[in-house]
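Spelled out from the first residue to the last, the chains are:
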Amino acid sequence: MAYFDWRTCFGRLLTELEDSGQSSWAHTLRAQLAHRFEDNPHGDLSRWQEALNSLPDVPGAVADLNRSAVTVTSPNDLGTHQLQALEHGLRGLMPWRKGPFDFFGTHIDTEWRSDWKWDRVVPHLADLTGRRILDVGCGSGYHCWRMLGAGARRVTGIDPGLLFLFQFLSVKRYLDEAPIDLLPIRVEDLPDGLECFDTTFSMGVLYHRRSPLDHLLELKSTLRRGGELVLETLVVDGPEGYSLMPENRYGQMRNVWFLPSCDTLLRWLDRTGFRNARVVDVSATTTSEQRRTDWMRFNSLEDFLDPEDPSRTIEGYPGPVRATLIAEKP
């Protein structure tokens, strides 16, 4: 049975936290990781570890983090057996939802064109050069890699999904020294009043929270004074104060609680103590941006929309529209 050595995987980050005055967080995080991987291990953990282990060693691998696909290349072409092992390992980590990625010419066409979201968001960001960044609900870490490519000093992604962690590690194994980590924890597992990040992203998380204002306060507590929040979430048309709460499911998702109007979101940010909040993008999600692929063979957006009226979900609610807002912590 393959064994996941979490102490080695996260050892450098834990040491860095201790050396930078965050020893309390390091202590808490070490206990959380031990519980996750030793006391209550996921049933697929060994299978994912075996898939990761089967990826070929490629000396001298380098990455281009400023392409649409996060791309890992080698100065030398891989041999047939290496390419076969590569595809076998990567397919062992399916389904791939956030991306795309390219490993030595093997292209992973993920369910989401996450590069489209990045292209919509990045023109409105403060310069990421030298910043410490937190990405909440980061999935496979695609956007984390793009943040590092944009010049971030250190990127920390958090997402409780363990498959996402192994997808992230499939890139990290070739870029071991990169100042980037993905922690399999939730935002509520972070210490209160952390206040150590220059930029915090929360993209595609808010509508999954029963208490959206508490989520905004959690995000605020991660930021230093003057830090920037980047918030992306599902929205609906309506006046200030209006928010749609689905009766049961939204687009077949059970855990969708509040879809506010943009004006309501601005009010929420104001009430939770952010300043200079503004809407920088509103875009409908299309079946070109989210769709079934050979690397994600389950149902996707077209299966969640009304076949007679694709502007509405299968439950009859307005189809998915996502807004991005930016605000600062005073």
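The structure this text deals with has already been given above.
### Quick word on the overall build of the chain
- Of the regular secondary structure elements, the chain holds 10 helices and 17 strands.
- Taking 2.2 N^0.38 as the reference for a compact globule, 330 residues should give roughly 20 Å; the C-alpha atoms of the chain span a radius of gyration of 20 Å, in line with that estimate.
- For the chain, the spread of C-alpha atoms along the three principal axes comes to 60 × 55 × 40 Å.
- Each charge class in the chain was averaged separately, 37 positive and 47 negative side chains, and the resulting centres sit 3 Å apart.

### Examining the side chain of glutamine 290
- Among the structural elements, glutamine 290 can be located in the loop between β14 (275-284) and α10 (301-304).
- Here glutamate 111 takes part through its side chain, which lies 3.2 Å from a polar atom of the side chain of glutamine 290.

### With respect to the sheet that holds strand β1 (residues 62-64)
- Spatially, the 4 strands line up as an open sheet ordered β1-β2-β4-β5, and their pairing is mixed. In this open sheet, the two edge strands, each paired with only one partner strand, are β1 and β5 (106-108). Ignoring strand direction, the axes of neighbouring strands in this sheet form an average angle of 20 degrees.
- Pairing analysis gives 3 bridges linking strand β4 (residues 101-103) to β5, with the strands arranged antiparallel. Within β5, the residue paired with phenylalanine 103 across the bridge is threonine 106.
- In the packing of helix α4 (residues 80-91) onto the sheet, the strands contacted are β4 and β5, and the crossing angle to β5 comes to about 15 degrees.

### Notes on the environment of phenylalanine 166
- Tracing the backbone through its elements, the reader meets phenylalanine 166 in helix α7 (residues 162-172).
- Setting aside residues up to four positions removed in sequence, phenylalanine 166 forms contacts with Phe4, Leu45, Trp48, Gln49, Leu52 and Leu93.

### A few points about the packing of helix α5 (residues 114-121) against helix α6 (residues 142-149)
- The N-to-C vectors of α5 and α6 enclose an angle of 45 degrees; their axes lie 10 Å apart at closest approach. As the angle between them shows, α5 and α6 are arranged oblique. Crossing angle aside, the handedness with which α5 passes α6 is right-handed. Along its contact with α5, which presents Ser114, Asp115, Lys117 and Trp118, the element α6 presents Tyr142, His143, Arg146 and Met147.
- Along the lines of polarity and charge, the residues of the contact of α5 with α6 split into 3 nonpolar, 2 polar and 3 charged.

### Quick notes on the pattern of salt bridges
- Per the stated rule, a full pass over the model turns up 32 salt bridges.
- A salt bridge links arginine 292 to aspartate 303, with the shortest nitrogen-to-oxygen separation between them at 2.8 Å. Of this pair, arginine 292 sits in the loop between β14 and α10 while aspartate 303 is found in helix α10, placing the two residues 11 residues apart along the sequence.
- Under the relative-accessibility criterion, arginine 292 is labelled partly exposed at 37%.
- When the shortest N-O distance is used, the salt bridge between arginine 297 and aspartate 294 registers 2.8 Å.
- When its relative accessible area of 52% is taken as the criterion, arginine 297 is described as exposed.
- Exposure remark for aspartate 294: the relative accessible area of 41% places this residue in the partly exposed category.
- Ionic contacts of the salt-bridge type, sharing partners, join the residues Glu16, Arg132, Arg154, Lys172 and Asp181 into one network.

### Re the environment of lysine 117
- Considering the arrangement of structural elements, one finds lysine 117 in helix α5.
- The sequence separation of lysine 117 and asparagine 76 amounts to 41 residues, and the corresponding C-alpha distance is 32 Å.
- When residues no more than four places from it in sequence are discounted, the contact partners of lysine 117 are His143, Met203, Glu232, Glu289 and Arg322.

### Looking at the pairing of strand β8 (residues 154-158)
- The buried count for β8 comes to 5 of 5 residues, which makes it a mostly enclosed element.
- Judged from the 5 bridges that link them, strand β7 (residues 132-136) and β8 form a sheet pairing that is parallel. Bridge pairing links valine 136 to isoleucine 158 in β8.
- The pairing of β8 with strand β9 (residues 180-183) spans 4 bridges and is parallel. Across the sheet, the residue bridging to valine 155 is isoleucine 180, located in β9.
- Crossover handedness for the path β8 to α7 to β9: right-handed.

### Considerations on the packing of helix α1 (residues 6-19) against helix α2 (residues 23-39)
- Put simply, α1 and α2 touch, their axes get as near as 9 Å, and they point 165 degrees apart. Classified by the angle between their axes, α1 and α2 sit roughly antiparallel to one another. Seen along the crossing, α1 lies across α2 with a hand that is right-handed. Where α1 approaches α2, its residues Trp6, Arg7, Phe10, Leu13, Leu14, Leu17 and Glu18 are matched on the opposing element by Ser23, Trp25, Ala26, Leu29, Arg30, Leu33, Ala34, Phe37 and Glu38.
- Here the contact of α1 with α2 is built from residues that sort into 11 nonpolar, 1 polar and 4 charged.

### What about unusual backbone geometry?
- Going from methionine 94 to proline 95, the amide bond is cis rather than trans, its omega being 5 degrees.
- Its place among the elements puts proline 95 in the loop between α4 and β3 (98-99).
- One non-glycine residue, phenylalanine 104, lies in the positive phi region at around 55 degrees.
- Inspection of the secondary structure puts phenylalanine 104 in the loop between β4 and β5.
- The phi torsion at glutamine 252 lies on the positive side, around 70 degrees, for a residue other than glycine.
- Along the chain, glutamine 252 falls in the loop between β12 (243-244) and β13 (259-260).
- A relative accessible area of 34% places glutamine 252 in the partly exposed class.

What counts as what
- Starting afresh in each chain, residues are numbered from 1 along the sequence in its written order.
- Predicted model: local features are reported for residues with pLDDT of at least 70 only, side-chain atom pairs are reported and counted for 80 or more only, and whole-chain, interface and lining totals are derived from all residues.
- Hydrogens and water are ignored here; the side-chain numbers use all heavy atoms of the structure.
- Numbering goes from the N terminus for both helices and strands, where a helix is a DSSP run of H or I of at least four residues and a strand is a run of E of at least two.
- Atoms counted for the radius of gyration: C-alpha only. Globule rule: 2.2 Å times the number of residues to the power 0.38.
- In this charge count, Lys and Arg are treated as positive and Asp and Glu as negative; neither His nor the chain ends contribute.
- To locate a charge, take atom NZ for lysine, CZ for arginine, CG for aspartate or CD for glutamate.
- Pairs of N or O atoms are called polar contacts if they sit within 3.5 Å, as long as, within protein, a hydrogen donor faces a hydrogen acceptor (for residues adjacent in sequence, only side-chain-to-side-chain pairs).
- A strand pair is defined by DSSP finding two or more bridges across the two strands.
- Fitted lines through C-alpha atoms give the axes, limited to the stretch in contact for helices. The angle between two N-to-C directions lies from 0 to 180 degrees.
- Any two residues whose heavy atoms approach within 4.5 Å at even a single point are treated as in contact.
- In what follows, roughly perpendicular refers to angles from 65 to 115 degrees, roughly parallel to angles under 35, roughly antiparallel to angles over 145, and oblique to any angle outside these ranges.
- Two helices cross in a left-handed way if the nearer one is turned anticlockwise from the farther one by less than a right angle. They cross in a right-handed way if the turn is clockwise.
- Think of it as three bins: nonpolar holds Ala, Val, Leu, Ile, Met, Phe, Trp, Tyr, Cys and Pro, charged holds Asp, Glu, Lys and Arg, and polar takes everything else, Gly as well.
- A pair is scored as a salt bridge if a Lys or Arg side-chain nitrogen falls within 4 Å of a carboxyl oxygen belonging to Asp or Glu.
- Partly exposed residues are those whose accessible area sits between 20% and 50% of the maximum for their type, while under 20% is buried and over 50% is exposed, using a 1.4 Å probe and protein chains only.
- Note on handedness: a clockwise path from strand one over the helix to strand two, with the strands aimed away from the viewer, defines a right-handed crossover.

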